[in-house]
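# Survey of secondary and tertiary structure
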Amino acid sequence: MSRDHVDVLIVGAGLSGVGAACQLRTRCPGKSVAILEARGEIGGTWDLFRYPGVRSDSDMFTLGYSFRPWTRADSIADGASIREYIRDTAREHGIEEHIRFHHRVVRAEWDSGRTQWTVEAERTDTGETVLLTCGFLFVCSGYYRYDEGHTPDFPGADRFAGTVAHPQHWPAELDCTGKRVVVIGSGATAVTLVPALARTAGHVTMLQRSPGYVLSLPARDALAGVLRRVLPARAVYPIVRWKNVLLATALFQLSRRRPALVKKLLRMGVHNSLPAAYEVDRHFTPRYQPWDQRMCFVPDGDLFRALRADGASIVTDTIETFTETGIRLASGAELDADVIVTATGLNLLPIGGMTLTVDGEEVDLAGTVAYKGMMLSGVPNFAFTLGYTNASWTLKADLVSGYVCRLLNHMDARGYRQCTPTPPSAALPAEPLIDLTAGYVLRGVSALPRQGPATPWRLHQNYPRDVLLMRYGPVDDDIRFAGAH
């Protein structure tokens, strides 16, 4: 059994983990850093998901790193391009040599006497158990299970004679050319799959229990195109990044304050993108308010083009049962299919499913309160990355990494060895950390930390506000420091 020590141990070599390592190497150059990655590749989500058409659900000027401009023409990028971007970033910053692949973290134990974490990982390739110690543990493993997507227990599923696939584990050999495909779902994955499959499939049907909000965005950013003719990429990037941040923030705030107006505008956009007789209200008018769930963005209206071309259709109904040849609906209608794709969501898995122990006492995540949406009350020298639900993941990930660097430098300057977020009151009122009503959130939100009523215990879902709080605000508010050298 091997044992090594590093100053900062990062869990996860995806978009967040690589970004965190880059910032630590730049802003805390004296710190030793290692990354544990359960899989065998860099990229996280963008290496795991390989279904047809996989792409960003946010623009790359905000999904990209703040310190490395996105220079490609497409603002909405395909999965392969994002994967390459992450790998190139890791290579340029010398991160690859610090990644230990096939290391799945199963538990971490904090010892206040030694002011360090002991982290246990399992080698997924050899079965070996590995122990490491670190002064600070930084979990960047996302919030869902990588080994298992969510698939409801559909009646009669074992009767279907065709192929059933989940987008999270798309079979490389699956060819849908000329076939009848039914995609179950109405979220970002479904609206991405449908136009991609419709290019070659015989016909694609998007079967949804209820509609979601869909908004068409340009695949290329017009302002970026203009500015790139006269300015270098490093000058263009922050301008377009902030333009997109402010537009997204304005849409979210308007959705919260004037939901009826936003619903009207979204419906108008869909209506103008489809034939006049199309049943827009049935297939594109959700039962919930805008941004109660994530909004689906489609580049250049590709979903609407597929619907207009009759290569795809939408059915809004519920499933009664799978049959040998497809799906029978509650309305009595039947959908014939050769392939059924269950784009039915994720399974939440906070902090990679690891167990945390502080001085011999196991941490109940649901009993903690999140500090600035990135640390846990009562848990020393620990941070995690949870991106925005109403904007690009990386916007928050960048802020979290920057704050961790500030915190570590603050501790070093004062000789502290331990930092513990401590609420001002043990009876701090708490609410769910994520307030979306999406199914994957409702299924797992009870296992997540909670959030308090006010800063710094409130998750604001507001990037400009978080910039002021995390980049320029105090680094020691409601944190107890200890263990001076």
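Residues numbered from 1 in each chain as written. Predicted model: local features only at pLDDT ≥ 70, side-chain atom pairs only at ≥ 80, totals over all residues. Heavy atoms only, no water.

### Focus on the side chain of S401
What counts is decided by this rule: Where helices and strands are cited, they refer to DSSP runs of H or I of at least four residues and of E of at least two residues respectively, numbered from the N terminus. Exposure is judged per residue with a 1.4 Å probe applied to protein chains only, and the accessible area is read against the type maximum: over 50% gives exposed, under 20% gives buried, and values in between give partly exposed. Residue contacts follow a heavy-atom distance rule, with two residues in contact if any of their heavy atoms lie within 4.5 Å.
Within the secondary structure, S401 sits in helix α11 (residues 393–414). On the basis of relative accessible area, S401 is assigned to the buried category, the value being 2%. When near neighbours in sequence (up to four residues on either side) are disregarded, S401 contacts G19, A20, Q23 and F138.

### Remarks on the pattern of salt bridges
Quick reminder of the rule: Any carboxyl oxygen of Asp or Glu within 4 Å of a side-chain nitrogen of Lys or Arg constitutes a salt bridge here.
Scanning the model with the defined rule gives 27 salt bridges in all. With a shortest N-O distance of 3.5 Å, D57 and R294 are connected by a salt bridge. Pair noted here: D57 is in the loop between α2 (45–48) and α3 (60–63) and R294 is in the loop between α9 (280–284) and β11 (296–299), with a separation of 237 residues, a long-range link. D57 gets classed as partly exposed once you look at its relative accessible area, which sits at 29%. A residue is classified by how much of its surface remains accessible, and R294, at 23% relative accessible area, is partly exposed. A salt bridge links D398 to R241, with the shortest nitrogen-to-oxygen separation between them at 3.3 Å. Here R241 lies in helix α7 (residues 233–257) and D398 lies in helix α11, a separation of 157 residues in the sequence. In terms of burial, D398 and R241 fall into one category: buried.

### A closer look at the sheet that holds strand β12 (residues 312–316)
Selection rule: Strands qualify as paired when DSSP identifies two bridges or more between them. Note on geometry: axes are lines fitted to C-alpha atoms, helical ones only across the stretch in contact, with angles between N-to-C directions running from 0 to 180 degrees.
The strand order across the open sheet built from five strands is β7-β16-β8-β9-β12, with neighbouring strands paired in parallel fashion. Each edge of the open sheet carries a strand with a single partner, namely β7 (163–165) and β12. On average, each strand axis in the sheet is tilted by 20° relative to the strand beside it, whichever way the strands run. Summarising the sheet, strand β8 (residues 180–184) and strand β9 (residues 203–208) pair through five bridges and their orientation is parallel. The residue of β9 that forms the bridge with V181 is V204. The sheet strands contacting helix α5 (residues 188–198) are β8, β9, β12 and β16 (339–342), and the helix crosses β9 at an angle near 165°.

### Thoughts on a nonpolar patch on the surface
For clarity, the cut-off: In this analysis, a patch consists of residues with relative accessible area above 30% that form no salt bridge, clustered at 9 Å for like charges and at 5 Å for the nonpolar side chains Val, Leu, Ile, Met, Phe, Trp and Tyr. For the area figures, the Shrake-Rupley method with a 1.4 Å probe applies, and any residue is considered shielded solely by the protein chains shown.
Among the surface-exposed residues, L223, V230, L231 and I239 lie close enough to one another that they form a single nonpolar patch of about 320 Å² accessible area. Tracing the chain through its elements places L231 in the loop between α6 (222–227) and α7. Using a relative accessible area of 33% as the deciding quantity, one classes L231 as partly exposed.

### Describing the nonpolar core
Spelled out, the test is: In plain words, nonpolar cores are sets of buried Ala, Val, Leu, Ile, Met, Phe, Trp, Tyr and Cys residues tied together by side-chain atoms within 4.5 Å.
Ranked by size, the top nonpolar core spans 133 residues in total, and within it W117, L137 and L356 carry the most contacts. Broken down by element, this core gets its largest block of residues, 11 residues, from α11. Counting 11 residues, the second largest nonpolar core, distinct from the first, contains F154, V182, L207 and L329.

This is a description of form; function is not addressed.
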